[in-house]
Amino acid sequence: MTGESGERETERAVWRAAVALLPEAEVAAVEEWADIGEQEAAIEAAIRGLCAHGVAIGGELRAGLSVVAELWGCRQALADRLDRCAGAADDVSTLRVLPPSAVEPLPIEESVVQRAAAGGELAPEAGTAVVPWIVCEERGWALDRLHVREPWGELSFHATGYLLRRPAEPEQALFRGPLDAWNALLALRQR
């Protein structure tokens, strides 16, 4: 799916899947937060409910919730809680959101910057850090967030773009621009 309407539909599908797993008593509260435009509170309540009730979720839903949280600017605050949600024993998804404790930023490879610029894309800035995020274990591809390093040394709060890469074959890396998290996740699924 591409475009704003496709992104909204994808987001709605993730919400429907997550809310359907919540106890009925909590569904109204989560939907009310979303209905009044408090998406950050809604996703926090949904993830909190899933964890509190020990609801097992698969890799696809976990990845979708991580992208929703990313787009609403609260992924960093919810990453540990999302990681603590129980995993579904019968999960057949090949997607896995990396636990925040296992993520170590990497420098971006110059070849990725050059290919993005040569392909007419807005190339990542020099010094951009690659932060591993979601992997497709079956096919060996990864979806990473790109962050610039702030003058005080920390990474930028918001991602400046997304990188699809195959760690074993760095020349296979594809850059996605900012605010393209859904399309980057879709591309990861299709790799």
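Note that the structure is a prediction, hence the values are computed from the model and not measured.

Enquirer: Please give an account of the overall build of the protein chain that cites residues and values.
Expert: Per the secondary structure count, the protein chain includes seven helices and six strands. Each helix (α) and strand (β) of the protein chain, taken in turn from the N terminus, gives the series α-α-α-α-α-β-β-α-β-β-β-β-α. Counting every position in the protein chain, which comprises 191 residues, the buried fraction comes to 43%. Excluding contacts between residues fewer than 6 apart, the proportion of contacts in the protein chain whose partners are at least 24 apart in sequence is 56%. Accessible surface, the protein chain: about 9,900 Å² in total, of which carbon and sulfur atoms supply 52%.

Enquirer: I'd like a description of the packing of aromatic side chains, backed by residues and values.
Expert: Tallied over the full model, the rule gives one aromatic pair. For R145, the ring lying beneath its charged end belongs to W133, and the centroid distance is 5.5 Å.

Enquirer: Can you lay out helix α4 (residues 59–71) for me, pointing to particular residues and giving the numbers?
Expert: Over its 13 residues, α4 runs 18 Å from end to end, which matches the ideal 18 Å to within 8%, given 1.5 Å per residue. Summarising burial for α4: eleven of the 13 residues are buried, a large majority. In the stretch just after α4, G73 is the one whose phi turns positive, near 75°.

Enquirer: So what's going on with the packing of α4 against helix α5 (residues 75–84)? Residues and values would help.
Expert: With their axes 9 Å apart at the nearest point, α4 and α5 run at an angle of 160° to one another. Between α4 and α5, the angle falls in the class roughly antiparallel. Between α4 and α5 lies a crossing whose hand is right-handed. For the pair formed by α4 and α5, the contact residues are R62, L65, S66, A69 and E70 on the first element and R75, L78, L82 and D83 on the second. Its residues assigned to classes, the contact of α4 with α5 comprises four nonpolar, one polar and four charged.

Enquirer: Describe the packing of helix α3 (residues 39–52) against α5, with residues and values.
Expert: Packing of α3 against α5 brings their axes to within 9 Å, and their N-to-C directions diverge by 25°. If you check the angle between α3 and α5, you find them roughly parallel. Classified by chirality, the crossing of α5 by α3 is left-handed. Judged by residue contacts, I43, E44, I47, R48 and C51 of α3 engage L78, R81, L82 and R84 from α5. Residues belonging to the contact of α3 with α5 are distributed by class as follows: five nonpolar, no polar and four charged.

About the criteria used
- Residues numbered from 1 in each chain as written.
- Predicted model: local features only at pLDDT ≥ 70, side-chain atom pairs only at ≥ 80, totals over all residues.
- Heavy atoms only, no water.
- Helix = DSSP H or I, 4+ residues; strand = E, 2+ residues; numbered from the N terminus.
- Buried < 20%, exposed > 50% of the residue type's maximum accessible area, 1.4 Å probe, protein only.
- Contact = heavy atoms within 4.5 Å.
- Areas by Shrake-Rupley, 256 points an atom, 1.4 Å probe, with all protein chains shown as cover.
- Phe/Tyr/Trp six-rings, centres within 6.5 Å; stacked < 30°, edge-to-face > 60°.
- Lys NZ or Arg CZ within 6 Å of the ring centre and 35° of its normal.
- Expected span 1.5 Å × (residues − 1).
- Axes fitted to C-alpha atoms, helices over the stretch in contact; angles between N-to-C directions.
- Parallel < 35°, antiparallel > 145°, perpendicular 65-115°, else oblique.
- Left-handed = near helix turned anticlockwise from the far one by under 90°.
- Nonpolar A, V, L, I, M, F, W, Y, C, P; charged D, E, K, R; others polar.

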